[in-house]
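Results of the structural survey
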Amino acid sequence: MMPTLSPALDDHALQQLLDEDARFGDLTTESLGIEARPGAIRFFARDPMTV
């Protein structure tokens, strides 16, 4: 049986990080001039996890 792991961030901490970043937009995307291009992302985890 695998031990139960606590989340790396609780909901409040995650929301604080999102609020801090999201209100300023994405400077990297804007500076590269790629905001109108479609994109894709793939996530990989080292260990089993719940999202």
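Everything discussed here concerns the structure shown above.
Computed from a prediction, not measured in an experiment: that's the story for all the values here. (Residues numbered from 1 in each chain as written. Predicted model: local features only at pLDDT ≥ 70, side-chain atom pairs only at ≥ 80, totals over all residues. Heavy atoms only, no water.)

Along the protein chain, the regular secondary structure elements total two helices and zero strands. The buried share of the protein chain, reckoned over its 51 residues, is 0%. Surface exposure of the protein chain reaches about 5800 Å², of which carbon and sulfur atoms provide 57%. (Helix = DSSP H or I, 4+ residues; strand = E, 2+ residues; numbered from the N terminus. Buried < 20%, exposed > 50% of the residue type's maximum accessible area, 1.4 Å probe, protein only. Areas by Shrake-Rupley, 256 points an atom, 1.4 Å probe, with all protein chains shown as cover.)

Position of Asp-19 relative to the elements: it lies in helix α1 (residues 11–22). By relative accessible area, which is 44% here, Asp-19 ends up partly exposed. Engagement of the side chain of Asp-19 in a polar contact is seen with the side chain of Gln-15, the distance being 2.8 Å. (Polar contact = N/O pair within 3.5 Å; in protein donor to acceptor, adjacent residues only side chain to side chain.)

Next up on the list: α1. Taking 1.5 Å of rise per residue, the twelve residues of α1 would be expected to cover 16 Å, and the 16 Å separating its terminal C-alpha atoms lies within 8% of that figure. Two to three positions downstream of the cap, the backbone nitrogen of His-12 sits 3.2 Å from a side-chain oxygen, assigning the N-cap of α1 to Asp-10. (Expected span 1.5 Å × (residues − 1).)

It is worth spelling out a nonpolar patch on the surface at this point. Taken together, the side chains of Leu-9, Leu-14, Leu-17 and Leu-18 present a nonpolar region at the surface, about 350 Å² in accessible area. Counting through the fold element by element, Leu-9 comes out in the segment before α1. (Patch = residues over 30% accessible without salt bridge, like charges linked within 9 Å, V, L, I, M, F, W, Y side chains within 5 Å. Salt bridge = Lys/Arg side-chain N within 4 Å of Asp/Glu carboxyl O.)

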